[in-house]
Amino acid sequence: MTTSSELDTLSAAETARAVRAKELSPVETTEAAIEQIERRNRTLNAVTHKGYDDARTRARQLEARVVQGEDIGVLAGVPSLMKDLFGFKPGWPATLGGLSALTGNLADTWSTFPARVESAGSIVVGQTNSPAFGFRGTTDNATVGPTKNPFDLDRNPGGSSGGSAAAVSDGMVALAGATDGGGSIRIPSAWSGVVGFQPSAGRVPFVARPNAFGTSCFLYEGPITRTVEDSALAMTALHGYDPRDPTSLHGTVDFLGALTRGVRDRRIGYTSDYGIFPVQKQVRDVVDEAVQTFETLGAIVEPVDFNFPVSQQELSDMWSRVTAFGVHETLASLADNGVDLRAESPHELPRSMMRWVDLVPTLTADDLIRDQRMRTGVYDRFANAFEQYDYIVAPTLACMPVLNGTDGETQGPTEINGKNIDPLIGWCMTYFTNFTGNPSASVPAGLSDGLPVGMLVMGRRHDDAGVMSAIAAFEQARPWSQHYSIPDTRSL
């Protein structure tokens, strides 16, 4: 029998099993999550909207169904949080990352994460912080301010899904939703010491309107959890076809079955820098050691060289240009509907983002073609690598967590190892899959000076189960649950 005192330490899978066994009720799990958020969020600034009334109503409804013997889903009674950026739940704020002009903008539709996890028995209890439009790898904005890293409150948890990653790392909930246009599931997972699973393009539908075809990068929704089993459980609920997404994939994936497949005889190509990124020594040392774990599990690990003909600066600039199209379109769409953010709250639109957004109208067809050719070159090199390897493994990020700023625009470093990089995303070794559509996941590789270091595992296109198998095997061989003693015992 699970006791109420154990609720704070339960994984999503353990919670769901206890609710199904009627050892816990959805009301108990929900109240425990609300209590955790109330105790811990005031020093972390991860949760921006508290939907407690809706959550309590839903918990009572689920409890009545459980009492009647109904199977309420794989996430039975699991409290969760959703990201306040391209995440929508009817009646809840949709501020696109803390924009004050949108505080009264209430969603009238559902995005995939809250819709599908609630259909699977979860209770969404609130929304999490992110930067405006998600246009950088940190979490901070002018209205709400920075989210803090549970391992060091002076530092940032990463972004743009930093509120979700920090809340899970800190033990507020076992599951939170994230979106990813350049690494925003995996970046904060790396800095916050949690699991961030980014599925194949189309595996979890990303429903966007008025432009269903989006920008030039693949956009993802996925889960952030402390354990790989919880990630598999969430993906079981999240994946599946939706005709509103032009890239949506048919068919089902046995994510839970993948947990025990292992990696014996699998071939892994390892790179510490893709041949172009400057990487801090602390990061390189931790991941160089961690990747050897796969050899003890029977995999073959070899160095892989991509021979990119362009620099990391050229690639990050290209990401910024193509991503700026989406922001430009959203700003125009809001203005058409009477919310002109450029006029009403220009100080909340980060200067570093608007530099790229204001460039959009000046770009020519030749500029767009050049960027797509560059992206094709990236795609081809990964496609060639996956002819030889089942997985590509690398550090998730090139640097350790940065200190939070005070201006609402915390960014990454401007240089690493004496080499200049774009502070928005140039230190994020994640955006390749947003160009290619491959699945990937960031898992905790270890600690350096008490701070988390993430390792990225990328799989072949559509081999989501393979990525889940690899990270599950890694977790079993090199568990990281002991690291959570740091956030669990932090000062409140």
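Residues numbered from 1 in each chain as written. Predicted model: local features only at pLDDT ≥ 70, side-chain atom pairs only at ≥ 80, totals over all residues. Heavy atoms only, no water.

Caption draft 1: Summary view of empty space enclosed by the protein. Under the defined criterion, the tally for this structure stands at three cavities of 30 Å³ or more. Taken as a whole, the largest cavity encloses approximately 50 Å³ of empty space. In terms of lining, the largest cavity is formed by Met82, Lys83, Phe86, Gly87, Ser111, Phe113, Pro114, Gly177, Ala178, Thr179 and Glu221. Secondary-structure elements contributing two or more residues to the lining of the largest cavity are β2 (79-83), α4 (112-119) and β4 (175-180). Tallying contributions element by element places β4 first for the lining of the largest cavity, with three residues. (1 Å grid on protein atoms, 1.4 Å probe; cavity = no way out; pocket = protein on both sides within 12 Å on 5 of 7 lines; lining within 4 Å. Points joined across faces, edges and corners; volume = space filled by probe spheres on them. Helix = DSSP H or I, 4+ residues; strand = E, 2+ residues; numbered from the N terminus.)

Caption draft 2: Expanded view of the state of the cysteines. One pass over the structure, following the stated rule, counts zero disulfides. Cys217 forms no disulfide, and the closest cysteine sulfur to it belongs to Cys428, at a distance of 13 Å. With relative accessibility at 7%, the residue Cys217 sits in the buried group. In this model Cys428 remains outside any disulfide bridge; the closest cysteine sulfur is found in Cys399, 7.2 Å from its own. (Disulfide = S-S within 2.5 Å. Buried < 20%, exposed > 50% of the residue type's maximum accessible area, 1.4 Å probe, protein only.)

Caption draft 3: Looking closely at the packing of aromatic side chains. Considering all chains together, one arrives at 18 aromatic pairs under this definition. Ring geometry for Phe277 and Tyr431: centres 6.4 Å apart, planes at 55°, overall tilted. With Phe277 in the loop between β7 (267-270) and α8 (281-290) and Tyr431 in the loop between β11 (419-420) and α14 (432-436), the pair connects residues that are 154 residues apart, well separated along the chain. There is no split in this pair, since Phe277 and Tyr431 are both buried. An angle of 50° between the planes, with centres 5.2 Å apart, marks the rings of Phe382 and Phe432 as tilted. (Phe/Tyr/Trp six-rings, centres within 6.5 Å; stacked < 30°, edge-to-face > 60°.)

Caption draft 4: Just the pairing of strand β6 (residues 220-225), in detail. Counting buried positions over the six residues of β6 gives six, a clear majority of the element. Strand direction decides the pairing type here: strand β5 (residues 195-198) and β6, joined by two bridges, are antiparallel. Paired with Gly196 across the strands is Ile224, a residue of β6. (Pairing = 2+ DSSP bridges.)

Caption draft 5: Region of the structure containing the environment of Ser111. Mapped onto the secondary structure, Ser111 falls in the loop between β2 and α4. C-alpha separation for the pair Ser111 and Glu387, spaced 276 residues apart in sequence, amounts to 35 Å. If near-sequence neighbours (up to four positions away) are discounted, Ser111 is found in contact with Phe86, Gly87, Phe88 and Glu221. (Contact = heavy atoms within 4.5 Å.)

Caption draft 6: Fine view of the sheet that holds β5. Here eleven strands make up an open sheet; going across it, the order is β1-β3-β2-β4-β6-β5-β12-β13-β9-β7-β8 and the pairing mixed. Of all the strands in the sheet, the pair left with one neighbour each is β1 (47-50) and β8 (300-303). Each strand of the sheet is rotated relative to its neighbour by a mean of 30°, with strand direction disregarded. Both β4 and β6 contribute to a ladder of six bridges, which runs antiparallel. Of the residues in β6, the one forming a bridge with Gly177 is Pro223. (Axes fitted to C-alpha atoms, helices over the stretch in contact; angles between N-to-C directions.)

Caption draft 7: Just unusual backbone geometry, in detail. With omega at 5°, the peptide bond leading from Gly159 into Ser160 counts as cis. Arg209 connects to Pro210 through a cis peptide bond whose omega is 10°. The phi torsion at Leu96 lies on the positive side, around 55°, for a residue other than glycine. By the element assignment, Leu96 lies in the loop between β2 and α4. Since its relative accessible area comes to 8%, Leu96 is described here as buried.

Caption draft 8: Focus on the packing of helix α7 (residues 228-238) against helix α15 (residues 464-477). Put simply, α7 and α15 touch, their axes get as near as 9 Å, and they point 155° apart. By the criterion of interaxial angle, the relationship of α7 to α15 is roughly antiparallel. Here Val228, Glu229, Ser231, Ala232 and Met235 of α7 come into contact with α15, specifically with Met468, Ile471, Ala472 and Glu475. Grouping the constituent residues of the contact of α7 with α15 by class yields six nonpolar, one polar and two charged. (Parallel < 35°, antiparallel > 145°, perpendicular 65-115°, else oblique. Nonpolar A, V, L, I, M, F, W, Y, C, P; charged D, E, K, R; others polar.)

Caption draft 9: The arrangement of helix α13 (residues 365-388) in detail. For α13, with 24 residues, the first-to-last C-alpha span of 35 Å sits near the 34 Å given by 1.5 Å per residue. For α13, the complete set of buried residues consists of Asp371, Met374, Arg375, Gly377, Val378, Phe382, Ala385 and Phe386. In this fold, the buried residues of α13 make contact with α10 (312-336), β9 (391-395), α14 and β13 (451-459). (Expected span 1.5 Å × (residues − 1).)

Caption draft 10: Spotlight on the layout of surface pockets. There is about 1100 Å³ of room inside the largest pocket. Taken together, 44 residues form the lining of the largest pocket, with Phe86, Phe88, Leu96, Arg209 and Thr330 sitting closest to its centre. Elements with a minimum of two residues in the lining of the largest pocket: β4 and α10. With eight residues, the single largest contributor to the lining of the largest pocket is α10. Across the lining of the largest pocket, the residue classes break down as 20 nonpolar, 17 polar and seven charged. In this structure, the second largest pocket spans a volume of roughly 610 Å³. Surrounding the second largest pocket, 31 residues form its lining, Asp8, Thr9, Leu10, Ser11 and Arg226 being those nearest its centre. Counting residues per element, the ones that place at least two in the lining of the second largest pocket are α1 (12-20), α2 (26-40) and α7.

Caption draft 11: Quick peek at the packing of α2 against helix α3 (residues 52-67). Where α2 contacts α3, the two axes come as close as 8 Å, and the packing angle between them is 155°. Comparing the axis directions of α2 and α3 gives the class roughly antiparallel. Crossing of α2 against α3: the hand is right-handed. Contacts between α2 and α3 involve Pro26, Val27, Thr30, Glu31, Ile34, Ile37 and Glu38 from the former and Tyr52, Ala55, Arg56, Ala59, Arg60, Leu62, Glu63 and Val66 from the latter. A breakdown of the residues in the contact of α2 with α3 according to their chemical character gives nine nonpolar, one polar and five charged. (Left-handed = near helix turned anticlockwise from the far one by under 90°.)

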